[in-house]
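The chain contents come next:
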Amino acid sequence: MFGKQRRGMLLLSSALGVIVMFGSGALANAADPTYQFNIPAESLSQALTDFSQASSQQIIYSEDLVRGRSSSGLRGSYTPSAALSALLAGTDLRVETNPSGVLMVRPKKAQAALDDGAAIPTDAVEAVTVTGSRIKGETPSAHVITITQQQTLEAGQYNLGDVIRSLPQNFSGGQNPGVQLGATGSSVNNVNISGGSAVNLRGLGPDATLTLLNGRRLAYDSFSQGVDMSAIPLAAVDRIEAVMDGASAIYGSDAVAGVVNVVLKKDFDGLAATARLGTATGGGDFQQQYSIVGGKTWATGGFIGAYNFERDTAISANQRDGTSYLSDPYMLLPQLTDQSVLVSGHQDISSYVTFSVDALYNDRHSYNVATTSLQAQDRVHDVNYVLSPTLTVRLPEGWTASLSGLYGRDTVHGVSDDYISGIPLLHTDFCYCNTAGSVDLDVAGALWEMPAGDLKVAFGGGYRRNSLKDVTYSDGTLNYGMRHSYSGYAEVFVPLVSRSMNVPIVSALSLDGAIRYEDYSDFGSITTPKVGLTYAPVDDVDFKASWGKSFKAPTLEQEYSSKYIYLYPAEELGGVGYPATATALYANGGNPDLKPERATTWTVSGALHPGWFPGFDAELSYFNIGYTSRVVVPISPATSAFSDPQFQQFITANPSVALQQKVIAGASGGLFNLTSGSYDPSDVVAYVDNLYTNIAAQKIDGVDLSVSYTLDLGGDRYTLKSDTSWLNSSQRNNGLATSYDLAGTVFNPPHLRSRTGLSWARGAFQVQLFYNFTGGVRDTRYTPNPNGDPMQSVDLTLNYSAGESSGILRDTDFSVAVQNLTDEAPPFLRNAQAYYVNYDSTNYSAIGRFVSVSVTRHW
């Protein structure tokens, strides 16, 4: 691993050196870059948001300044300053650039006051909060990926699950609809229960990525402690922000691999309805989707509401040539019916107080069938809702204080029926019932002014409660777990050098830091710090570095699931030389004494955005995660418990009668005797503790590269955008065990994933072509390990947006999207069981070519 890290650092340092040399040659007097804008008539607040997304320019403005104002829209190619001036035409607002090069919208009277020597109120502008920091107007010292709603729609993606699965840094294992039987890999979380789509950055598990809605947590989905992204209707989404760094110092538990925040549209005037039909050309997965979104703004507030309905038919194994060997019926993709409703609004109670609320409701039905030695039919009904109100007070000198609350619930109710030759064999009725509640107080503002800008801080605290009821109605089994925690945090941003100071080889320099303390009811307290540095040697080059501690609380399923005690013949657990009557007590299941998983994370990145090369942006980042105390089932396989020396630490030889009675008394259902005789304490030669344990360690590192270039040539716009991620990861299950690879092996992330898009636009027409690459994996189930092939596919989208003078087609958008244009099949991997699929369902899809047509009408 050290050699891999050193090679990664050499690659990164060489590339960053090229960036510095490339950027230092910037031409100071080059013309400002131009961008293509297609902003409709809408509220000024939304128009400014659309401007920021189209130009990749950070813009700061006060909601009070733009509230109740509208914009007549903007179409064409403009420099950022010219575009802003056009959007603000006819208002008493103007554009200004601060010392850090950030665009600001300010009242013209502020300039007049400045000319007269008067003080300008500090609340004349209001910055936005970027995911990864609670300080408004400042970006975190880590790699942040932003995906706008417009980008997803132009790519033919209408579901947030599809969006996150296309992200190269994400692994499609965990909770996802396409995950099949036997895809266990290194994680029991590679299983489809609810039909939802959970984020799984770096492949560390859906419970190691924090997913937020407008900066607030949601209820966990099923038992994995992940969050279902697809429950959020895309029609109401403004953008997705993904922080590719640990952030527990800011957000607390789960933010190990990163944070994904779904940001909703805040101000929306109008109504839009979308209808979409699509199907896989190989059969199955016929999709119907209908959505509507509407909103209204007024002088003191606004709201947005969205409804989405989607029905997807299943894909059967007999509809794909490669899986026709599976017994019918067998579904490669389940049947899904999904409905979501979202409402978000804000209202000024006074000139200093604003009340806002977000509410989400999702209802999903899924149906799946797998035929092994028997036929298993699974019907799951998932109901998920969350209500999150916030009261924000604008304090003097630009300070703000926010009091927010949240209550959410995710109920996964399933019915599983097993049949043999059509005869019912087993009926299971279960529920994973999750609840979440929290109250938080956040305060932010500027402490004092420094030569390079304001020293800003944010601090606060809160209370959080989560519970899981895991119940099997058919046999009366009930496991209930609940935890609550109290937290406090502080964050600081210190600007040291700004562009206006004209310091040689230091265009900008800043430090940021955060620390968070949490006290949990089940495992005690934990403190997580983080520090970061941002340095720009010249205006066109930025370097960022961060270091921090992160953690993840054990899942409630790991803590509170049923504990079982079995009596085995000693020889079945690998015992040799014992009497024929020798037995062993074997324990597995939940462990209420678990501690948090801990991680040390650090990143370094370099970004190039040369003013003399308009439209070009590039960022290269290296990440490193040392992840310890991971919760695993320590003995695998159980048949090697006695024979493998690494497992001796989990075995108590010749346990006393008192110990035997204690472990049996604490088990669910007492003792399960799997021997041919009766239980005799004097025959027990060992107690084998295979409960969940904090003992595994993982090492993760890699490189992310993103490149984009936009060229306006005549009346045409050409855009190239590429995202690539290279990942190394390994795991060691205990201190005596041998380390083994995760990345690049079956049912784990591949080493390399990338997605590259090329688009051409002229007026109302746009054509986009995407190339997707997912590296091959080594099949460690067999010796020697065969190497699987990579999967490569091409996506094509055609978009047309009718203008206001198009008659009956006025304000209507049309899109035709083709995913996997050449109908590539998933790479073949030999199935370990006759009833397993012969491909890695966590990395590759069996959908094949998928064609969809959508129409959106705006009012």
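Scroll up for the structure.
Because the structure is predicted, anything quoted here is derived from the model rather than measured.

1. Brief notes about the sheet that holds strand 12 (residues 258-264)
Strand pairing in a sheet takes place through backbone hydrogen bonds and is either antiparallel or parallel in direction.
Alright, step 1. Here we have five strands laid out as an open sheet, ordered 8-11-12-9-10, and mixed in their pairing. Either end of the sheet is taken by a strand with one partner, and the two such strands are strand 8 (144-148) and strand 10 (216-217).
Alright, step 2. By the bridge criterion, five bridges tie strand 9 (residues 209-213) to strand 12 in an arrangement that is parallel. Across the sheet, the residue bridging to Leu212 is Asn261, located in strand 12.

2. Focus: the environment of Gln377
Alright, step 1. Topologically, Gln377 is positioned in strand 20 (residues 375-394).
Alright, step 2. Under the relative-accessibility criterion, Gln377 is labelled buried at 13%.
Alright, step 3. Counting along the chain gives 39 residues from Gln377 to Ser416, while the straight-line C-alpha distance between them is 5.6 Å.
Alright, step 4. For Gln377, the contacting residues outside a window of four places in its chain are Tyr367, Asn368, Val369, Val415, Ser416, Asp417 and Tyr419.
Alright, step 5. Within the structure, the side chain of Gln377 is placed 2.6 Å from the side chain of Gln375, a separation counted as a polar contact.

3. Describing the state of the cysteines
Alright, step 1. Within this structure, the stated rule accounts for one disulfide.
Alright, step 2. Put simply, Cys431 and Cys433 are joined by a disulfide, and their sulfur atoms are 2.1 Å apart. A torsion of 115° about the S-S bond marks the disulfide between Cys431 and Cys433 as right-handed.
Alright, step 3. The class of Cys431 is buried, set by a relative accessible area of 2%.
Alright, step 4. For Cys433, a relative accessible area of 5% gives the class buried.

4. Observations concerning the pattern of salt bridges
Alright, step 1. What the rule picks out here adds up to 27 salt bridges.
Alright, step 2. For Arg483, the salt bridge identified is with Glu559, shortest N-O distance 2.5 Å. One end of the pair, Arg483, is in strand 24 (residues 477-497); the other, Glu559, is in helix 9 (residues 556-560), with 76 residues separating them in the sequence. Just as Arg483 is buried, Glu559 falls in that class too.
Alright, step 3. In this structure, the salt-bridge partner of Asp795 is Arg755, at a minimum N-O distance of 3.3 Å. Of the two residues, Asp795 is situated in strand 40 (residues 791-801) and Arg755 in strand 38 (residues 752-762); the sequence distance between them amounts to 40 residues.

5. What to know about the pairing of strand 18 (residues 335-348)
Alright, step 1. Bridge analysis of strand 15 (residues 301-312) against strand 18 gives 12 bridges, and the strand direction is antiparallel. Directly across from Tyr307, in strand 18, lies its bridge partner Val341.
Alright, step 2. Examined bridge by bridge, strand 18 and strand 19 (residues 353-371) share 14 bridges and lie antiparallel to one another. The residue of strand 19 that forms the bridge with Ser340 is Asn362.

So, how was this worked out
- Residues numbered from 1 in each chain as written.
- Predicted model: local features only at pLDDT ≥ 70, side-chain atom pairs only at ≥ 80, totals over all residues.
- Heavy atoms only, no water.
- Pairing = 2+ DSSP bridges.
- Helix = DSSP H or I, 4+ residues; strand = E, 2+ residues; numbered from the N terminus.
- Buried < 20%, exposed > 50% of the residue type's maximum accessible area, 1.4 Å probe, protein only.
- Contact = heavy atoms within 4.5 Å.
- Polar contact = N/O pair within 3.5 Å; in protein donor to acceptor, adjacent residues only side chain to side chain.
- Disulfide = S-S within 2.5 Å.
- Salt bridge = Lys/Arg side-chain N within 4 Å of Asp/Glu carboxyl O.

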